[in-house]
Amino acid sequence: MILPRTLVLILTLGTGLWAGLAAAAVAGPQTRSFRDWQAVCDNGGDCFAFTGGDIGASAFVRIHMPAGPDADPGVAVGAWGWGEALQFSLVIDGVPRSLDRAPVSEWAGVGELRGAPAREMITAMAAGRSMDLSIDGQGDDLSLSGVSAALLWIDERQGRLRTTTALLRQGPRPASEGPPAPELPQIQIRPATISQFGGGNPPPLPESVAARPEIAACRDGWEEPDADSYEPLHAELGPTTRLWGVQCFTAAYNTGHILFLTDHLGGQVRHLILPGADKPVAEFVNVEIGNTITQTVRARGLGDCGLIQQWRWARTGFELALEQRMDACVGMPPELWPTVWRTR
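Below is a short write-up of the structure. (Residues numbered from 1 in each chain as written. Predicted model: local features only at pLDDT ≥ 70, side-chain atom pairs only at ≥ 80, totals over all residues. Heavy atoms only, no water.)

A short note on the sheet that holds strand S17 (residues 292-298)
Thought 1: One open sheet holds the five strands; their spatial order is S16-S17-S18-S19-S20, and the pairing between them is antiparallel. Each edge of the sheet is formed by a strand with only one pairing partner; in this case those strands are strand S16 (287-288) and strand S20 (339-342).
Thought 2: Sheet topology note: the S16/S17 ladder contains two bridges and is antiparallel. Bridge assignment links Val287 to a residue of S17, and that residue is Gln295. (Pairing = 2+ DSSP bridges. Helix = DSSP H or I, 4+ residues; strand = E, 2+ residues; numbered from the N terminus.)

Structure below.
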């Protein structure tokens with residue numbers, strides 16, 4: 001279960017933030033559902049379609065079509081808890097098709113195909129009536145309901161209709177008539193700062209930060225954490241700028257921190273506000289801080305769904321560099337989650 005405040009965070013950063021970023025994007029991220037399939041295209045034109053089933057914990061089939069007229073598709077299948085699996089196949093209308101084992105994750109077994117073999121498998125899915133995923137001889141059925149609509153939506157988004165590289169409606173038009181991949185936005189990254197404080201020698205948390213009312217308000221109603229868990233996070237962003245993270249809640253598989261900026265003496269305290277947002281983020285979840293801030297929101301304990309975001313310390317503050325999100329809990333490891341925002 002995602003915590004209510006985490007849901008607010010996802011909505012704020014995953015939806016409202018796009019309004020502030022839209023001017024820098026050539027193509028904004030888009031998401032659609034087609035019966036049992038979901039499709040996602042990111043700001044760089046890469047598109048994904050996936051569905052889920054049940055083998056043990058969860059199982060999935062994912063199609064990835066990169067942007068650009070000469071791009072080749074990829075197909076990945078897998079299931080959580082099958083990290084040692086060796087044999088993967090999709091049985092479409094009774095015809096088995098093998099995939100190569102991919103050591104993507106130690107927790108999830110993954111098989112994949114790329115290029116022409118992947119395209120042949122995608123064509124079979126679009127024309128098929130039944131599909132089973134088999135992993136080391138154990139399997140379950142996966143739905144093909146909606147796959148054709150998802151593929152057509154991707155072809156439309158990428159301008160591939162009636163070209164030789166279309167996923168669904170191929171035609172005589174050469175691939176070169178398709179649009180090029182949009183140029184990704186570039187972040188003007190600030191240089192890193194060398195800190196006098198090592199990992200075992202952090203500076204003390206300034207009282208000006210510890211006394212902030214947001215911390216007490218966030219901790220209200222949560223079980224008192226262990227004393228060691230109160231150790232603040234710290235990062236040097238420049239000669240006169242420090243970033244602090246103060247823990248305020250610990251749940252089953254998500255831990256929240258509030259982030260503040262100060263000068264090197266603990267003065268000029270302010271809540272971190274991200275560019276494009278009109279108010280501070282309530283809490284960052286499972287966060288790591290430095291010149292890059294990374295948060296990983298887990299929607300359930302397996303860690304196969306949720307949200308990953310990275311911000312880089314730039315000329316205008318922390319700018320969103322990467323966002324991956326997986327709203328369906330289908331056993332897909334984070335390494336394969338669809339991207340919705342990328343930068344150079």
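Re the side chain of His271
Thought 1: Topologically, His271 is positioned in strand S14 (residues 270-271).
Thought 2: Those residues in contact with His271 that sit more than four places away from it in its chain are Arg212, Glu214, Ile258, Leu259, Phe260, Pro280 and Val281. (Contact = heavy atoms within 4.5 Å.)

Side note on the packing of helix H2 (residues 115-127) against helix H3 (residues 147-158)
Thought 1: It is the contact of H2 with H3, at a shortest axis distance of 8 Å, that shows an interaxial angle of 125°. As summarised for this structure, H2 and H3 are arranged oblique, according to the angle between their axes. In this structure, H2 uses Ile122, Met125 and Ala126 to contact H3, whose residues at the interface are Val147, Ser148 and Leu151.
Thought 2: Classifying every residue of the contact of H2 with H3 by side-chain character gives five nonpolar, one polar and no charged. (Axes fitted to C-alpha atoms, helices over the stretch in contact; angles between N-to-C directions. Parallel < 35°, antiparallel > 145°, perpendicular 65-115°, else oblique. Nonpolar A, V, L, I, M, F, W, Y, C, P; charged D, E, K, R; others polar.)

Regarding the side chain of Asp263
Thought 1: With respect to the secondary-structure elements, Asp263 resides in the loop between strand S13 (255-262) and S14.
Thought 2: Of the polar contacts made by the side chain of Asp263, one reaches the backbone nitrogen of Leu265; its length is 2.9 Å.
Thought 3: Beyond its immediate stretch of four places on either side in the chain, Asp263 contacts Thr240, Arg242, Gln268 and Arg270. (Polar contact = N/O pair within 3.5 Å; in protein donor to acceptor, adjacent residues only side chain to side chain.)

Re the state of the cysteines
Thought 1: Scanning the model with the defined rule gives three disulfides in all.
Thought 2: Two residues, Cys41 and Cys47, share a disulfide whose sulfurs are 2.0 Å apart. Its S-S torsion of about 105° marks the bond between Cys41 and Cys47 as right-handed, since a negative value means left-handed.
Thought 3: Disulfide pairing places Cys305 opposite Cys329 at an S-S distance of 2.0 Å. Torsion about the S-S bond of the Cys305 and Cys329 cystine: about 80°, corresponding to right-handed handedness. (Disulfide = S-S within 2.5 Å.)

Some points on H3
Along an α-helix, a turn takes 3.6 residues, which lines up residues three or four apart on a common side.
Thought 1: Its 12 residues place the ends of H3 17 Å apart at the C-alpha level, agreeing with the 16 Å of an ideal helix rising 1.5 Å per residue.
Thought 2: Those residues of H3 not exposed but buried are Val147, Ala150, Leu151, Leu152, Trp153, Ile154, Asp155 and Gln158.
Thought 3: Residues of H3 that are buried in the fold lie against strand S1 (30-34), strand S2 (37-41), strand S3 (47-53), strand S4 (59-65) and H2.
Thought 4: Phi turns positive, to about 70°, at Gly159, one or two residues after H3. (Expected span 1.5 Å × (residues − 1). Buried < 20%, exposed > 50% of the residue type's maximum accessible area, 1.4 Å probe, protein only.)

With respect to the pattern of salt bridges
Thought 1: Across all of its chains, the model carries 10 salt bridges by this definition.
Thought 2: With a closest N to O distance of 2.7 Å, Asp42 and Arg342 form a salt bridge. Of this pair, Asp42 sits in the loop between S2 and S3 while Arg342 is found in strand S20, placing the two residues 300 residues apart along the sequence.
Thought 3: Judged by relative accessible area, Asp42 falls into the buried class, the value being 2%.
Thought 4: Residue Asp46 is joined to Arg342 by a salt bridge in which the shortest nitrogen-to-oxygen separation is 3.6 Å. Separated by 296 residues along the polypeptide, Asp46 in the loop between S2 and S3 and Arg342 in strand S20 bring together distant segments of the chain.
Thought 5: On the accessibility criterion, Asp46 (13% relative accessible area) is buried. (Salt bridge = Lys/Arg side-chain N within 4 Å of Asp/Glu carboxyl O.)

Points about unusual backbone geometry
Thought 1: In this structure, Arg35 is a non-glycine residue whose phi angle is positive, near 55°.
Thought 2: Note on placement: Arg35 falls in the loop between S1 and S2.
Thought 3: Residue class for Arg35 comes out exposed when judged on its relative accessible area of 74%.
Thought 4: The phi dihedral of Asp136 is positive, around 50°, even though this residue is not glycine.
Thought 5: With respect to the helices, strands and loops of the structure, Asp136 is situated in the loop between strand S9 (131-135) and strand S10 (138-142).
Thought 6: Residue Asp136 is classed as partly exposed on the basis of its relative accessible area, which comes to 35%.

Observations regarding the pairing of strand S19 (residues 317-326)
Thought 1: Across the 10 residues of S19, eight count as buried, placing the element largely inside the fold.
Thought 2: Counting the residues that bridge the hairpin from strand S18 (residues 306-314) to S19 gives two residues.
Thought 3: Note: S19 against S20, three bridges, orientation antiparallel. Within the sheet, the bridge partner assigned to Leu322 lies in S20 and is Arg342.

Some thoughts on the environment of Arg270
Thought 1: Tracing the backbone through its elements, the reader meets Arg270 in strand S14.
Thought 2: When its relative accessible area of 33% is taken as the criterion, Arg270 is described as partly exposed.
Thought 3: With 11 residues separating them in the primary sequence, Arg270 and Leu259 have C-alpha atoms 8.9 Å apart.
Thought 4: Apart from residues lying up to four places away in sequence, Arg270 is in contact with Thr241, Phe260, Leu261, Thr262 and Asp263.
Thought 5: A polar contact of 2.9 Å, which involves the side chain of Arg270, links it to the backbone oxygen of Gln268.

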